[in-house]
Amino acid sequence: RQLWQLLSLHCTDAVLTWRVLSPSEEDLLWQQLLSDSPQGSSLLNTSGTARQLREALRLLQLWELTPSDVRRHLQLPFDTEAADDRVLAWRWLQEFQQHCTQQKMLSAGAQLAALLQVLKNNAALAKTLLAPKLLWLGFDDPPPLYRILQQVLTTLGVALEYASVDGNAPALTVQRCADTAAECRAAAHWAETILATEPAARIGIICPNLQTLRPQLLRIFEQHVPATELYCSATATLSGHSFFNTALQLLSISDVEADSLQLCQLLRSRWLTGSATEGDARASLELRLRNQGELFTQTALLREMAAQQDRPWHSPLLAKTLLQLQIQSHRQRKQQTLQQWMEQFQQHWQLLLDLPQLAQLRTLQTAWQLWLDTVHTASALFGRLNREHALSLIAALAQNCHLPNGRSNAAVRLLTPVEAAGLSFSHLWVMQLHVDAWPGELHPNPCLPLQLQREQQMPAVDAARELQRARSQLQQWRDSTTGQVVFSYPSQVDELPVAPSPLLPAIAVSADEGSLPAALHRQFPLFPRKQLVLATEPQHLLPPDTLLKGPGSLLAAQASCPFRAFALHRLRAKELPAFSYGLPASAIGELLHKILQEFWLALRESTALADTTATANKLATAIANALRKLAAKYPHTVTPRFRQLEEQRLQILLQRWLELEQQRRPFTVEMTEAELKWQHQRLELSMRLDRVDHTANGLVVIDYKTGKLPTADWQAERPQQPQLLLYQQALLAHQQQDISGLLYARISLDTLDYAGVTAADEGDADWIFSADRYISATSWSELQQHWQRVLQALAQEYIDGLVAVAPQFTKSCEYCHLPSLCRINEVRKQQDVGA
């Protein structure tokens, strides 16, 4: 490339004025060709096919072949018009080459062939520009075009020197590790130990699948080796960085609707402007979107939610930014050049991206600016594009924009086998030498005939040649190392057992079954000890003398585990649920509540159930109204077809339920979805009662359940589900009337029944348990006093600030999301060890 630039300044050959394509630009042109092709537009992986075709063309050019050679090898008739798989690749290769010729563009392989011709045409000038001697590394078996290059250089008087390493006799070890993670830790610990005793050591870590293991290797090695002494040849790309992903995802917000899960990811991103000041509010907004469960969210709705001042998700900066973005988005055109699209995208990024934070990271800012320049240069290759095409192009260009990753002359270098060619080391560790990786699988190019690749001896197509290459590589690594060589392999990969490579030397294997623990970051010991405080965890954290408020479920959490109530209702340690599409369970339960509320407000008396026609009409009206409101809240989920099916289901379910209601003795619905409060000293709890019936014996509190009923531990000192007990106490304070029963109403297609406890029989049904028959209490009033005492005791624990990690049952932790906060599992492990 350097020689090409020099010749362009001194020679007049027309080919020197042609545009030389970068690999990313060549990929984009291939993708454009495939998209414009009737057969290519239906491909599932266009970008992957484009890379295979680019590599196929490079192989043809390096082996001095043309698409015509491919056609002759396929033995196709000259006038064939077939469009099967045999000829599609040949046609695309031919079309791409013709397009490059017409547009005066050169791919990497074509540039080398053109360079050779320019050197021959300008031999005298070339002799003055070329270096007197060139060192060749890693060219053990060069392709034909490279051999021609070597001949031309020799003709021009350049001395060619091929790197060779004198044979060494290093100490050799073969090590078996438990798995890949243990192998990485062992290599990192080994490198750390060597650096501690030999600061001038040249340590190499060779990994055949370095690009795949790069994140894990870097994370582990950075815990052992200083960042200034670590280099990885497999660099990260801009497309994999969180900043670029945020920038690309932010462009979707300008649409009328955006993917809800993508919005959740954006709200959590540190690169979104205002993330530091509005972090908590945006976390609440994300929780709101997750609980909503809609596949798409309207951008206008997101802006309205962010602007709600009386809500925990109030994000005024985000709301203001979205409004400005909405104004900008109305100006966008359907078709424009890539450069025009980039100008518009950058306006969006000025609004939404935290660019001052980017300015503090020089490496990332340099890569970002390089990518912007690359997009500007590539824009000349394309005409007017729609928005989706422009987005795909800029994303593809970022895949070849690499981020710097340390000094190449660092003491510890993570390398692939190809990049280690010709280098010498004092210590060398070669990883992943199991049977599936060394020698690796054959990878012939699928776009070229296999027989052609074998005849031309192209790489990765002949098993015997690859086996010989792998053997030779192992010997070269030993020859290039002076001190110690370690060959290692994992005992299992992806939880499946693997055998060592049969090419490993037959020496004793040193076993390391992963006993080496994960290390703390090497900077941790440098943390000032005066900043480390050893504190004994208290049992009580007394809050300020103010009114405490919470939902009725607070006492259930307190009964289950005091720390759970403290974390949920004092620390607000809410769980971030996994995003799932469709109606959440809470919405389905709320739908049932609204239907029954409207139905009983219209009916009131149970005796009216005898009029089946009027009952059916009122039920149908209630179902239709509730579904209409649900569809307005979940427009993407509650479609017309969904409403029709759900209406049929609810009609069947609730009609069966009302038949069961008729079996009870006459009652009047006194209250439905009533909001009440219960207070004990400084604690005030808010709750909503599903239904209260007035019967001949008094008031009966009913709680709807659509799933499994909770355990009815009516006489326990710490009841697992004190919800109904709390409803009864709140209703007593509100109504000053006798409460004669607490019932769960289970309404599901599997089971329709009541379960609970009553002061006296409410009918002949077996599913209502009378207190005097099933509970060992002297009287109903005594049972009510017990409930009052239990609830007040739980409330007093919360008021006193009890934070003890004391789950009532083992299953109390089964569905709790707080184990990393309370550390209950670590405590149990220590107890088991002590026992």
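Rules and cut-offs
- Residues numbered from 1 in each chain as written.
- Predicted model: local features only at pLDDT ≥ 70, side-chain atom pairs only at ≥ 80, totals over all residues.
- Heavy atoms only, no water.
- Helix = DSSP H or I, 4+ residues; strand = E, 2+ residues; numbered from the N terminus.
- Rg over C-alpha atoms; globule rule 2.2 N^0.38 Å.
- Contact = heavy atoms within 4.5 Å.
- Areas by Shrake-Rupley, 256 points an atom, 1.4 Å probe, with all protein chains shown as cover.
- Lys, Arg positive; Asp, Glu negative; His and termini not counted.
- Charge placed at Lys NZ, Arg CZ, Asp CG, Glu CD.
- Patch = residues over 30% accessible without salt bridge, like charges linked within 9 Å, V, L, I, M, F, W, Y side chains within 5 Å.
- Salt bridge = Lys/Arg side-chain N within 4 Å of Asp/Glu carboxyl O.
- Buried < 20%, exposed > 50% of the residue type's maximum accessible area, 1.4 Å probe, protein only.
- Core = buried A, V, L, I, M, F, W, Y, C linked by side-chain atoms within 4.5 Å.
- Axes fitted to C-alpha atoms, helices over the stretch in contact; angles between N-to-C directions.
- Parallel < 35°, antiparallel > 145°, perpendicular 65-115°, else oblique.
- Left-handed = near helix turned anticlockwise from the far one by under 90°.
- Nonpolar A, V, L, I, M, F, W, Y, C, P; charged D, E, K, R; others polar.
- Phe/Tyr/Trp six-rings, centres within 6.5 Å; stacked < 30°, edge-to-face > 60°.
- Pairing = 2+ DSSP bridges.
- Right-handed = clockwise from strand over helix to strand, strands pointing away.
- pLDDT = per-residue confidence, 0-100.

As a further point, take the overall build of the protein. In terms of helices and strands, the protein carries 31 helices and 24 strands. Taken over the C-alpha trace, the protein has a radius of gyration of 37 Å; the compact-globule value for 835 residues is 28 Å, which it surpasses by more than 25%. A fraction of 74% describes how many contacts in the protein between residues 6 or more apart in sequence connect residues 24 or more apart. Summing over all exposed atoms, the protein offers an accessible surface of approximately 42,800 Å²; the carbon and sulfur share of this is 51%. Distance between charge centroids for the protein: 5 Å, based on 74 positive and 81 negative side chains.

Moving on: a nonpolar patch on the surface. Nonpolar side chains collect at one region of the surface, where Leu-295, Phe-296 and Tyr-581 lie side by side and expose about 260 Å² of accessible area between them. Inspection of the secondary structure puts Phe-296 in strand 9 (residues 296-298). Among the residues examined, Phe-296 registers a relative accessible area of 33% and is labelled partly exposed.

Moving on: the nonpolar core. One finds Trp-30, Phe-345, Trp-349, Trp-368, Trp-371 and Ile-394 to be the most contacted residues of the largest nonpolar core, which totals 103 residues. Once residues within four sequence positions are removed from consideration, Phe-345 is found in contact with Leu-251, Arg-387, Ala-390, Leu-391 and Ile-394. Counting residues in each nonpolar core, the second largest holds 39 residues, with Leu-555, Ala-565, Ala-674 and Val-790 among its members.

Here we take up the packing of helix 25 (residues 612-633) against helix 26 (residues 640-661). In the contact formed by helix 25 and helix 26, the axes pass within 10 Å of each other and the chain directions differ by 140°. Judged on the interaxial angle alone, helix 26 and helix 25 are oblique. Crossing geometry of helix 25 relative to helix 26 is assigned as right-handed. From helix 25, Thr-615, Leu-619, Ala-620, Ile-623, Ala-624, Leu-627, Arg-628 and Ala-631 reach across to helix 26, where they touch Arg-643, Glu-646, Glu-647, Leu-650, Gln-651, Leu-654, Gln-655 and Leu-658. Among the residues making up the contact of helix 25 with helix 26, the classes are represented as nine nonpolar, three polar and four charged.

Another aspect to go through is the environment of Gly-40. When you line up the elements, Gly-40 lands in the loop between helix 2 (23-36) and helix 3 (46-62). Ignoring any residue separated from it by four or fewer positions in sequence, one finds Gly-40 in contact with Leu-34, Thr-46 and Trp-92.

Below, the discussion takes up the side chain of Ser-488. On the secondary structure map, Ser-488 appears in strand 14 (residues 481-490). Looking at Ser-488, the relative accessible area reads 0%, which means it is buried. Excluding residues that lie within four positions of it along the chain, Ser-488 makes contacts with Gln-175, Glu-183, Trp-429, Val-430, Met-431, Gln-432 and Leu-433.

With that settled, the discussion passes to the packing of helix 2 against helix 3. Two elements in contact, helix 2 and helix 3, have axes whose closest approach is 9 Å; the angle formed by their N-to-C orientations is 115°. Judged by the sense of rotation from one axis to the other, the crossing of helix 2 with helix 3 is right-handed. Residues Pro-23, Glu-26, Asp-27, Trp-30, Gln-31, Leu-34 and Ser-35 of helix 2 lie in contact with helix 3, whose contacting residues are Thr-46, Ser-47, Thr-49, Ala-50, Arg-51, Leu-53, Arg-54 and Leu-57. Here the residues of the contact of helix 2 with helix 3 are counted per class, giving six nonpolar, five polar and four charged.

Let's shift gears to the packing of aromatic side chains. Counted by the stated rule, this structure contains 18 aromatic pairs. Ring centres of Phe-243 and Trp-271 lie 5.0 Å apart, and the angle between their planes is 80°; this geometry places the pair in the edge-to-face category. One end of the pair, Phe-243, is in helix 11 (residues 242-250); the other, Trp-271, is in the loop between helix 12 (260-268) and helix 13 (279-292), and 28 residues separate them in sequence. Both rings, one in Trp-438 and one in Trp-477, keep their centres 5.4 Å apart while their planes meet at 35°; by these two values the pair is tilted. With a gap of 39 residues between them, Trp-438 in the loop between strand 13 (425-430) and helix 20 (450-455) and Trp-477 in helix 21 (residues 463-479) connect regions that are remote in the sequence.

With respect to the element layout, Asn-625 can be found in helix 25. Judged by its relative accessible area of 17%, Asn-625 is buried.

On to the pattern of salt bridges, then. In total, this model carries 23 salt bridges according to the counting rule given. One salt bridge connects Glu-278 with Arg-282, and the closest N-O pair in it is separated by 3.0 Å. In terms of burial, Glu-278 and Arg-282 fall into one category: buried. In this structure, Arg-718 and Glu-797 form a salt bridge, with 2.8 Å as the shortest nitrogen-oxygen distance. Residue Arg-718 is located in the loop between strand 21 (698-705) and helix 27 (723-735), and its partner Glu-797 is located in helix 29 (residues 780-799); the two are separated by 79 residues in the primary sequence. Linked through salt bridges whose partners overlap, the residues forming this network are Glu-661, Arg-664, Arg-691 and Asp-693.

The subject of this paragraph is the pairing of strand 19 (residues 668-680). Where strand 19 meets strand 20 (residues 683-695), eleven bridges bridge the pair, whose relative direction is antiparallel. Pairing of Trp-678 across the sheet is with Leu-685, part of strand 20. Linkage of strand 19 to strand 20, two consecutive antiparallel strands, is achieved through a turn of two residues, within which Gln-681 is found at a positive phi near 50°.

This part covers the pairing of strand 4 (residues 159-162). By the bridge criterion, four bridges tie strand 3 (residues 133-136) to strand 4 in an arrangement that is parallel. Along strand 4, the bridge assignment pairs Trp-136 with Tyr-162. Where the polypeptide runs from strand 3 across helix 8 (residues 144-155) and back to strand 4, its parallel neighbour, the crossover connection is right-handed.

With that settled, consider the confidence of the model for the protein. On average, residues of the protein carry a pLDDT of 86, and 91% of them reach 70 or more. Taken element by element, the predicted model of the protein shows its lowest mean pLDDT in helix 28 (residues 771-774) (47) and its highest in strand 6 (residues 203-206) (96). The model gives residues 764-768 a pLDDT under 50, and that stretch makes eleven contacts with residues more than four places away or in other chains.

Turning next to the environment of Gln-788. Its location among the elements puts Gln-788 in helix 29. Spatially, the C-alpha atoms of Gln-788 and Gln-729 are 6.9 Å apart, while their sequence positions differ by 59 residues.

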